[in-house]
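These are the residues of each chain, in order.
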Amino acid sequence: MMDRLLGLLDEASPAKWGLILAFAILGAMMQRDLSIWARLLAIAAGIGAAVTFTEPVRDLFHLGPVWGDAVAAALALTGRNWAAFALRASKDPLSTVSAILGIWRGPKS
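Summary of the structure given here.

Definitions and cut-offs
- Residues numbered from 1 in each chain as written.
- Predicted model: local features only at pLDDT ≥ 70, side-chain atom pairs only at ≥ 80, totals over all residues.
- Heavy atoms only, no water.
- Helix = DSSP H or I, 4+ residues; strand = E, 2+ residues; numbered from the N terminus.
- Buried < 20%, exposed > 50% of the residue type's maximum accessible area, 1.4 Å probe, protein only.
- Areas by Shrake-Rupley, 256 points an atom, 1.4 Å probe, with all protein chains shown as cover.
- Patch = residues over 30% accessible without salt bridge, like charges linked within 9 Å, V, L, I, M, F, W, Y side chains within 5 Å.
- Salt bridge = Lys/Arg side-chain N within 4 Å of Asp/Glu carboxyl O.
- Core = buried A, V, L, I, M, F, W, Y, C linked by side-chain atoms within 4.5 Å.
- Contact = heavy atoms within 4.5 Å.

### Remarks on the overall build of the chain
Part 1 of the reasoning: Scanning the chain from N- to C-terminus turns up 5 helices and 0 strands.
Part 2 of the reasoning: The N-to-C order of helical and strand elements in the chain reads α-α-α-α-α.
Part 3 of the reasoning: For the chain, with 109 residues in total, the buried portion stands at 29%.
Part 4 of the reasoning: Total accessible area on the chain is roughly 7500 Å²; 71% of this is exposed by carbon and sulfur atoms.

Encoded structure:
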């Protein structure tokens, strides 16, 4: 597992790392309701998602290596969003559950 992670780190180009960092930081800075520690955690989650899931997503959708940077950037934002949602949900779990159920049930007639 560690060898695979180190291999991914060596294979990634500086441009790819720049995109991952830029999109993770951009997404974290847009969240005004998160503390600095929550923003740093969200950035770390975005970087982790991009590093971990870029190749599996490319393989899943049969995308060529050219798509690597775009997929990594999208996953950096997605991972950051997952972390931000989890941080907000941990503050008020009942409100989060009711909001999810409201979305699931759809608009009231």
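### So, a nonpolar patch on the surface
Part 1 of the reasoning: Taken together, the side chains of L21, I25 and M29 make up a nonpolar region of the molecular surface, amounting to roughly 240 Å² of accessible area.
Part 2 of the reasoning: Assignment of secondary structure puts I25 in helix α2 (residues 14–29).
Part 3 of the reasoning: By relative accessible area, which is 38% here, I25 ends up partly exposed.

### A closer look at the environment of G18
Part 1 of the reasoning: For G18, the location among the structural elements is in helix α2.
Part 2 of the reasoning: Once the C-alpha coordinates of G18 and A73 are considered, the two residues, 55 residues apart in sequence, prove to be 9.3 Å apart.

### Some remarks on the nonpolar core
Part 1 of the reasoning: Counting residues in each nonpolar core, the largest one holds 9 residues, listed as I20, A24, A28, I43, A50, V71, A72, L75 and A76.
Part 2 of the reasoning: Contributions of two or more residues to this core are made by α2, α3 (36–60) and α4 (68–91).
Part 3 of the reasoning: The biggest single contributor to this core is α4, with 4 residues.
Part 4 of the reasoning: The residues touching A76, leaving out its near neighbours within four places in the chain, are I20, F23, A24, G46 and A50.

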